[in-house]
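# Chain and residue survey
For reference, the chains in residue letters:
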Amino acid sequence: MGLFKPAWQSKNIEKAIRAVKKITDQTMLAEIGKTAEYGVVRFAAIEMITDQVILADIAKKKHNSSHTRIMVAEKLTDKAIADTVFADIVINDNSRDNTSQKKRFELVKKLTDQLSIANVAKNAIDIAVREAAIHKLTDQSTLTHITINEQNNGLRKEALLRITNHIMLVDIAKNSKDDYIRISATQKLVDQDLAQTIYTDIAKNSREDYLRQSAIRKLIDQSVIADIAKHEETEDVRYTAVDVLTSQSVLTDIIKHDKSSSIRVMACKKLGTHSMNPYKQCRLKCDACSVVDYDHEYAKTYHGLGSFIGHGYYSGKCTKCGHSFNENEGSHAEGGYYIE
Ligand SMILES: [Zn+2]
Ligand SMILES: [Zn+2]
(Lines give C-alpha, C1' and ligand atoms only; values in the text may rest on other atoms or scores of the structure.)
(Ligands and ions follow the chains in the order given, each with its own letter.)
Protein backbone atom coordinates (compact mmCIF):
# COMPACT_ATOMS: atom_id res chain seq x y z
CA MET A 1 0.00 0.00 0.00
CA GLY A 2 1.26 3.49 -0.87
CA LEU A 3 2.25 5.19 2.38
CA PHE A 4 1.35 8.89 2.37
CA LYS A 5 4.56 10.88 2.72
CA PRO A 6 4.22 14.48 3.98
CA ALA A 7 5.51 17.17 1.63
CA TRP A 8 8.31 18.21 4.05
CA GLN A 9 9.89 14.79 3.46
CA SER A 10 10.06 15.41 -0.28
CA LYS A 11 13.35 14.71 -2.01
CA ASN A 12 12.74 18.03 -3.74
CA ILE A 13 14.31 20.41 -1.22
CA GLU A 14 12.50 23.52 -2.44
CA LYS A 15 9.18 21.73 -2.21
CA ALA A 16 10.05 20.47 1.29
CA ILE A 17 10.98 23.96 2.48
CA ARG A 18 7.79 25.45 1.01
CA ALA A 19 5.83 22.84 2.96
CA VAL A 20 7.69 23.58 6.19
CA LYS A 21 6.93 27.29 5.84
CA LYS A 22 3.21 26.55 5.94
CA ILE A 23 3.40 24.60 9.19
CA THR A 24 2.60 26.44 12.40
CA ASP A 25 2.29 23.48 14.77
CA GLN A 26 5.31 23.94 17.07
CA THR A 27 5.69 20.28 18.06
CA MET A 28 5.63 19.26 14.43
CA LEU A 29 8.24 21.90 13.53
CA ALA A 30 10.42 20.60 16.35
CA GLU A 31 10.03 17.06 15.02
CA ILE A 32 10.99 18.19 11.50
CA GLY A 33 13.92 20.13 12.96
CA LYS A 34 15.14 16.88 14.44
CA THR A 35 14.39 14.33 11.76
CA ALA A 36 14.30 15.91 8.28
CA GLU A 37 16.80 14.35 5.93
CA TYR A 38 18.31 17.60 4.67
CA GLY A 39 20.05 20.15 6.89
CA VAL A 40 18.46 23.14 5.12
CA VAL A 41 15.00 21.68 5.74
CA ARG A 42 15.79 21.08 9.40
CA PHE A 43 17.01 24.68 9.73
CA ALA A 44 13.95 26.02 7.93
CA ALA A 45 11.78 24.22 10.51
CA ILE A 46 13.81 25.41 13.48
CA GLU A 47 13.67 28.98 12.20
CA MET A 48 9.88 28.76 12.29
CA ILE A 49 9.77 27.79 15.96
CA THR A 50 8.66 30.54 18.32
CA ASP A 51 7.52 28.46 21.30
CA GLN A 52 9.94 29.38 24.09
CA VAL A 53 9.76 25.99 25.86
CA ILE A 54 10.61 24.12 22.66
CA LEU A 55 13.35 26.60 21.75
CA ALA A 56 14.91 26.27 25.21
CA ASP A 57 14.73 22.50 24.95
CA ILE A 58 16.60 22.47 21.61
CA ALA A 59 19.15 25.01 22.85
CA LYS A 60 19.98 22.98 25.94
CA LYS A 61 20.51 19.65 24.17
CA LYS A 62 24.25 19.15 23.94
CA HIS A 63 24.00 16.71 21.05
CA ASN A 64 22.62 19.45 18.79
CA SER A 65 25.24 21.29 16.77
CA SER A 66 26.67 24.52 18.21
CA HIS A 67 25.33 26.33 15.16
CA THR A 68 21.75 25.15 15.86
CA ARG A 69 21.99 25.78 19.57
CA ILE A 70 23.25 29.35 19.05
CA MET A 71 20.60 30.10 16.44
CA VAL A 72 17.85 28.87 18.76
CA ALA A 73 19.26 30.47 21.91
CA GLU A 74 19.27 33.84 20.16
CA LYS A 75 15.49 33.60 19.87
CA LEU A 76 15.02 33.05 23.58
CA THR A 77 13.43 35.92 25.48
CA ASP A 78 14.92 34.61 28.74
CA LYS A 79 18.47 35.93 28.33
CA ALA A 80 19.74 34.00 31.34
CA ILE A 81 18.86 30.70 29.66
CA ALA A 82 20.43 31.90 26.38
CA ASP A 83 23.60 32.82 28.29
CA THR A 84 23.71 29.35 29.92
CA VAL A 85 23.70 27.84 26.43
CA PHE A 86 26.35 30.24 25.09
CA ALA A 87 28.57 29.59 28.12
CA ASP A 88 28.14 25.83 27.74
CA ILE A 89 29.25 26.05 24.09
CA VAL A 90 32.24 28.29 24.93
CA ILE A 91 33.40 25.88 27.63
CA ASN A 92 32.83 22.59 25.86
CA ASP A 93 33.52 23.35 22.22
CA ASN A 94 37.28 23.58 22.23
CA SER A 95 38.17 23.25 18.55
CA ARG A 96 41.56 24.85 18.13
CA ASP A 97 40.97 26.49 14.72
CA ASN A 98 40.81 30.28 14.46
CA THR A 99 37.17 30.39 13.41
CA SER A 100 36.04 28.46 16.47
CA GLN A 101 38.16 30.65 18.73
CA LYS A 102 36.72 33.78 17.13
CA LYS A 103 33.21 32.41 17.63
CA ARG A 104 33.92 31.73 21.29
CA PHE A 105 35.00 35.36 21.73
CA GLU A 106 31.81 36.52 20.02
CA LEU A 107 29.72 34.38 22.37
CA VAL A 108 31.54 35.81 25.40
CA LYS A 109 30.67 39.29 24.07
CA LYS A 110 26.98 38.37 24.07
CA LEU A 111 26.97 37.27 27.71
CA THR A 112 25.23 39.52 30.20
CA ASP A 113 24.31 37.08 32.99
CA GLN A 114 26.95 37.12 35.73
CA LEU A 115 26.48 33.41 36.55
CA SER A 116 27.31 32.40 32.98
CA ILE A 117 30.16 34.90 32.76
CA ALA A 118 31.56 33.43 36.00
CA ASN A 119 31.20 29.93 34.60
CA VAL A 120 33.26 30.85 31.51
CA ALA A 121 35.80 32.82 33.56
CA LYS A 122 36.45 29.79 35.75
CA ASN A 123 36.03 26.87 33.39
CA ALA A 124 36.88 27.72 29.78
CA ILE A 125 40.10 26.16 28.50
CA ASP A 126 41.30 29.17 26.46
CA ILE A 127 43.15 31.58 28.74
CA ALA A 128 42.30 34.49 26.41
CA VAL A 129 38.60 33.60 26.46
CA ARG A 130 38.70 33.38 30.25
CA GLU A 131 40.36 36.79 30.38
CA ALA A 132 37.62 38.25 28.16
CA ALA A 133 35.03 36.84 30.58
CA ILE A 134 36.87 38.25 33.61
CA HIS A 135 36.70 41.69 31.94
CA LYS A 136 32.90 41.36 31.99
CA LEU A 137 32.72 40.00 35.50
CA THR A 138 31.49 42.31 38.24
CA ASP A 139 30.45 39.67 40.78
CA GLN A 140 32.87 40.38 43.62
CA SER A 141 32.87 36.94 45.24
CA THR A 142 33.66 35.17 41.96
CA LEU A 143 36.44 37.69 41.25
CA THR A 144 37.81 37.04 44.74
CA HIS A 145 37.64 33.29 44.21
CA ILE A 146 39.63 33.67 40.97
CA THR A 147 42.14 36.06 42.56
CA ILE A 148 42.87 33.62 45.38
CA ASN A 149 42.62 30.24 43.66
CA GLU A 150 43.48 30.73 39.99
CA GLN A 151 46.70 29.06 38.80
CA ASN A 152 47.40 31.52 35.98
CA ASN A 153 49.28 34.65 37.19
CA GLY A 154 47.83 36.95 34.53
CA LEU A 155 44.24 35.95 35.27
CA ARG A 156 44.75 36.46 39.01
CA LYS A 157 45.95 40.01 38.32
CA GLU A 158 43.09 40.76 35.90
CA ALA A 159 40.53 39.56 38.45
CA LEU A 160 42.05 41.63 41.22
CA LEU A 161 41.86 44.79 39.10
CA ARG A 162 38.08 44.47 39.09
CA ILE A 163 37.61 44.05 42.81
CA THR A 164 36.31 47.12 44.60
CA ASN A 165 34.60 45.49 47.58
CA HIS A 166 36.64 46.32 50.66
CA ILE A 167 35.82 43.15 52.60
CA MET A 168 36.98 41.04 49.63
CA LEU A 169 40.18 43.08 49.32
CA VAL A 170 40.93 42.47 53.00
CA ASP A 171 40.34 38.74 52.50
CA ILE A 172 42.77 38.67 49.54
CA ALA A 173 45.39 40.84 51.25
CA LYS A 174 45.37 38.49 54.23
CA ASN A 175 44.94 35.11 52.58
CA SER A 176 46.30 35.01 49.05
CA LYS A 177 49.28 32.67 48.64
CA ASP A 178 50.73 35.06 46.04
CA ASP A 179 52.55 37.91 47.77
CA TYR A 180 52.46 40.02 44.59
CA ILE A 181 48.65 39.82 44.70
CA ARG A 182 48.68 40.55 48.44
CA ILE A 183 50.70 43.75 47.90
CA SER A 184 48.43 44.86 45.04
CA ALA A 185 45.31 44.23 47.15
CA THR A 186 46.84 45.96 50.18
CA GLN A 187 47.49 49.09 48.08
CA LYS A 188 43.72 49.40 47.65
CA LEU A 189 42.92 49.08 51.36
CA VAL A 190 41.39 52.02 53.20
CA ASP A 191 42.48 50.70 56.62
CA GLN A 192 46.09 51.90 56.75
CA ASP A 193 46.91 50.12 60.02
CA LEU A 194 45.94 46.79 58.50
CA ALA A 195 47.89 47.70 55.34
CA GLN A 196 51.03 48.28 57.40
CA THR A 197 50.56 44.95 59.24
CA ILE A 198 50.39 43.14 55.91
CA TYR A 199 53.37 45.00 54.43
CA THR A 200 55.37 44.11 57.56
CA ASP A 201 54.45 40.44 57.22
CA ILE A 202 55.52 40.38 53.55
CA ALA A 203 58.67 42.44 54.22
CA LYS A 204 59.81 39.95 56.84
CA ASN A 205 58.48 36.64 55.58
CA SER A 206 57.98 36.54 51.81
CA ARG A 207 59.98 33.92 49.94
CA GLU A 208 60.56 36.38 47.09
CA ASP A 209 63.24 39.00 47.81
CA TYR A 210 61.87 41.47 45.27
CA LEU A 211 58.46 41.36 46.94
CA ARG A 212 60.05 41.84 50.36
CA GLN A 213 61.78 44.90 48.88
CA SER A 214 58.49 46.26 47.46
CA ALA A 215 56.83 45.80 50.85
CA ILE A 216 59.75 47.48 52.67
CA ARG A 217 59.31 50.56 50.44
CA LYS A 218 55.72 50.84 51.70
CA LEU A 219 56.54 50.62 55.40
CA ILE A 220 56.01 53.69 57.55
CA ASP A 221 57.15 52.44 60.99
CA GLN A 222 60.86 53.29 61.29
CA SER A 223 61.35 50.72 64.07
CA VAL A 224 60.24 47.90 61.71
CA ILE A 225 62.52 49.26 58.97
CA ALA A 226 65.41 49.57 61.46
CA ASP A 227 64.88 45.99 62.59
CA ILE A 228 65.19 44.75 58.99
CA ALA A 229 68.14 47.08 58.26
CA LYS A 230 70.04 45.70 61.25
CA HIS A 231 69.18 42.01 61.19
CA GLU A 232 68.31 40.98 57.63
CA GLU A 233 70.74 38.44 56.15
CA THR A 234 70.14 39.06 52.43
CA GLU A 235 72.18 42.05 51.31
CA ASP A 236 69.76 43.33 48.62
CA VAL A 237 66.87 43.33 51.08
CA ARG A 238 68.96 45.04 53.76
CA TYR A 239 70.07 47.62 51.18
CA THR A 240 66.42 48.52 50.50
CA ALA A 241 65.69 48.85 54.22
CA VAL A 242 68.66 51.19 54.71
CA ASP A 243 67.56 53.15 51.64
CA VAL A 244 64.20 53.96 53.30
CA LEU A 245 65.65 54.38 56.77
CA THR A 246 65.60 57.91 58.22
CA SER A 247 66.66 57.32 61.83
CA GLN A 248 70.04 59.06 62.31
CA SER A 249 71.03 56.80 65.20
CA VAL A 250 70.32 53.59 63.26
CA LEU A 251 72.16 54.94 60.20
CA THR A 252 75.13 55.69 62.46
CA ASP A 253 74.95 52.11 63.73
CA ILE A 254 74.84 50.80 60.13
CA ILE A 255 77.97 52.70 59.01
CA LYS A 256 79.84 51.12 61.89
CA HIS A 257 78.59 47.55 61.74
CA ASP A 258 77.15 46.55 58.37
CA LYS A 259 79.41 44.04 56.63
CA SER A 260 78.51 45.36 53.17
CA SER A 261 80.66 48.28 52.02
CA SER A 262 78.02 49.55 49.60
CA ILE A 263 75.41 49.65 52.37
CA ARG A 264 77.86 51.49 54.66
CA VAL A 265 78.53 54.06 51.95
CA MET A 266 74.83 54.58 51.28
CA ALA A 267 74.13 55.10 54.99
CA CYS A 268 77.13 57.40 55.27
CA LYS A 269 75.92 59.49 52.32
CA LYS A 270 72.45 59.71 53.87
CA LEU A 271 74.03 61.08 57.05
CA GLY A 272 76.06 63.56 55.00
CA THR A 273 79.27 62.28 56.56
CA HIS A 274 80.78 60.48 53.58
CA SER A 275 84.16 61.87 52.56
CA MET A 276 86.92 59.91 50.83
CA ASN A 277 90.36 61.17 51.88
CA PRO A 278 93.94 60.05 51.08
CA TYR A 279 94.79 57.06 53.21
CA LYS A 280 97.70 54.67 52.47
CA GLN A 281 99.49 54.73 49.13
CA CYS A 282 96.99 54.64 46.23
CA ARG A 283 94.02 54.37 48.61
CA LEU A 284 91.27 56.65 49.87
CA LYS A 285 89.24 56.12 53.02
CA CYS A 286 86.12 57.57 54.64
CA ASP A 287 86.72 57.99 58.36
CA ALA A 288 83.02 57.87 59.13
CA CYS A 289 82.11 54.55 57.44
CA SER A 290 85.66 53.10 57.18
CA VAL A 291 85.32 52.08 53.54
CA VAL A 292 88.38 52.19 51.33
CA ASP A 293 88.72 52.68 47.59
CA TYR A 294 91.71 52.45 45.25
CA ASP A 295 93.21 55.64 43.87
CA HIS A 296 95.78 54.51 41.32
CA GLU A 297 96.99 56.89 38.64
CA TYR A 298 97.19 54.79 35.54
CA ALA A 299 99.14 55.61 32.40
CA LYS A 300 97.04 53.89 29.74
CA THR A 301 98.10 52.41 26.43
CA TYR A 302 95.65 51.40 23.73
CA HIS A 303 96.43 48.24 21.79
CA GLY A 304 94.56 48.15 18.48
CA LEU A 305 93.71 44.75 17.02
CA GLY A 306 93.57 44.51 13.24
CA SER A 307 92.11 47.30 11.19
CA PHE A 308 88.75 47.63 12.96
CA ILE A 309 88.34 50.77 15.02
CA GLY A 310 87.21 49.90 18.53
CA HIS A 311 88.63 46.39 18.44
CA GLY A 312 91.41 46.50 20.95
CA TYR A 313 92.15 46.83 24.61
CA TYR A 314 93.88 49.05 27.15
CA SER A 315 96.72 48.18 29.43
CA GLY A 316 98.32 50.40 32.00
CA LYS A 317 100.51 50.82 35.00
CA CYS A 318 100.03 53.01 38.07
CA THR A 319 102.66 55.75 38.08
CA LYS A 320 102.64 55.76 41.89
CA CYS A 321 102.73 52.09 42.95
CA GLY A 322 103.34 50.20 39.74
CA HIS A 323 100.07 48.18 39.85
CA SER A 324 99.29 47.12 36.34
CA PHE A 325 96.08 46.25 34.55
CA ASN A 326 95.06 44.73 31.30
CA GLU A 327 91.44 45.46 30.49
CA ASN A 328 90.84 42.12 28.80
CA GLU A 329 91.86 40.27 31.91
CA GLY A 330 89.55 42.32 34.06
CA SER A 331 92.25 43.42 36.46
CA HIS A 332 91.28 47.00 35.70
CA ALA A 333 88.32 46.33 37.99
CA GLU A 334 90.50 46.79 41.06
CA GLY A 335 88.40 49.42 42.73
CA GLY A 336 84.99 49.80 44.27
CA TYR A 337 84.46 50.20 47.97
CA TYR A 338 85.74 47.62 50.38
CA ILE A 339 86.47 47.45 54.08
CA GLU A 340 90.02 46.86 55.34
ZN1 LIG B 1 81.60 57.22 54.54
ZN1 LIG C 1 98.73 52.80 42.54
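Above: the structure in question.
As a starting point, this report considers the structure included with it. What you are looking at is a predicted structure, and each value in this text was computed from that prediction instead of being measured.

Before going further, it helps to examine the overall build of the protein. Counting its secondary structure elements, the protein contains 19 helices and seven strands. In terms of overall dimensions, the protein is more spread out than a globule: its C-alpha atoms have a radius of gyration of 36 Å, far above the 20 Å expected for 340 residues. On the principal axes, the C-alpha backbone points of the protein span a range of 125 × 65 × 25 Å. For the protein, with 340 residues in total, the buried portion stands at 31%. Long-range contacts, defined here as pairs at least 24 residues apart, represent 39% of the contacts in the protein between residues at least 6 apart.

A sheet is described by the order of its strands in space; here three strands give the open sequence β4-β5-β6, paired in antiparallel fashion. At either margin of the open sheet sits one strand with a lone partner, and together these are β4 (298-304) and β6 (324-326). Between one strand and the next, the sheet's axes are offset by a mean angle of 15°, whatever the strand orientation. With seven bridges joining them, β4 and strand β5 (residues 312-318) adopt antiparallel strand pairing. Residue pairing in the sheet places Thr301 in a bridge with Ser315 of β5.

Bringing the sheet that holds strand β1 (residues 276-278) into the picture now. Read from one edge to the other, the open sheet built from four strands follows the order β1-β2-β3-β7, with strand pairing classed as antiparallel. One side of each edge strand has no neighbouring strand; the edge strands of this open sheet are β1 and β7 (338-339). Relative to strand β3 (residues 291-294), strand β2 (residues 283-286) runs antiparallel, the two sharing three bridges. Within β3, the residue paired with Leu284 across the bridge is Asp293. With respect to the sheet, helix α19 (residues 261-271) is in contact with β2, β3 and β7, its orientation differing from that of β3 by roughly 105°.

Next up on the list: the environment of Gln151. When you line up the elements, Gln151 lands in the loop between α10 (140-149) and α11 (153-161). With 103 residues separating them along the chain, Gln151 and Met48 place their C-alpha atoms 45 Å apart.

Next up on the list: the pairing of β5. Pairing geometry for β5 and β6, over three bridges, is antiparallel. When the sheet's bridge partners are listed, Gly316 is paired in β6 with Phe325.

What follows concerns helix α18 (residues 248-257). Along α18, the residues that are buried comprise Leu251, Ile254 and Ile255. Down the axis of α18, the smallest arc covering the buried residues is 95°, so these residues share one side. Summarising the geometry of α18, the exposed residues directed more than 90 degrees from the buried face are Ser249, Lys256 and His257. For α18, the secondary structure elements touched by its buried residues are α16 (222-231), α17 (235-244) and α19.

A separate point is the packing of helix α1 (residues 13-22) against helix α3 (residues 39-48). Running from amino to carboxyl end, α1 crosses α3 at an angle of 15°, the nearest separation of the two axes being 9 Å. By the criterion of interaxial angle, the relationship of α1 to α3 is roughly parallel. At the point where α1 passes α3, the crossing takes the right-handed sense. Across the interface between the two elements, Ile13, Ala16, Ile17, Val20 and Lys21 from α1 touch Val40, Val41, Ala44, Ala45 and Met48 from α3. Partitioning the contact of α1 with α3 into residue classes produces nine nonpolar, no polar and one charged.

Generally speaking, nonpolar side chains in soluble globular proteins are found buried as a group. In terms of nonpolar packing, the biggest core is built from 73 residues, with Phe86, Val90, Val120, Ala133 and Ala267 touching the most fellow members. Sort the elements by how many residues they give to this core and helix α6 (residues 79-92) lands first, with six residues. In contact with Val120, not counting residues within four places along its chain, are Ala87, Val90, Ile91, Val108, Leu111, Val129, Arg130 and Ala133.

This brings us to unusual backbone geometry. Even without being glycine, Cys282 reaches a positive phi, approximately 60°. Positive phi is not limited to glycine here, since Ser290 has a value of about 65°. Here Ser290 shows up in the loop between β2 and β3. Residue classification places Ser290 among the partly exposed residues on the basis of 14 C-beta atoms within 10 Å.

Rules and cut-offs
Residues numbered from 1 in each chain as written. Chains lettered and ligands numbered in written order. Predicted model: local features only at pLDDT ≥ 70, side-chain atom pairs only at ≥ 80, totals over all residues. Helix = DSSP H or I, 4+ residues; strand = E, 2+ residues; numbered from the N terminus. Rg over C-alpha atoms; globule rule 2.2 N^0.38 Å. Buried ≥ 20, exposed ≤ 12 C-beta atoms within 10 Å, placed from the backbone. Contact = placed C-beta atoms within 7 Å. Pairing = 2+ DSSP bridges. Axes fitted to C-alpha atoms, helices over the stretch in contact; angles between N-to-C directions. Arc of directions from axis to C-beta. Parallel < 35°, antiparallel > 145°, perpendicular 65-115°, else oblique. Left-handed = near helix turned anticlockwise from the far one by under 90°. Nonpolar A, V, L, I, M, F, W, Y, C, P; charged D, E, K, R; others polar. Core = buried A, V, L, I, M, F, W, Y, C linked by C-beta atoms within 7 Å.

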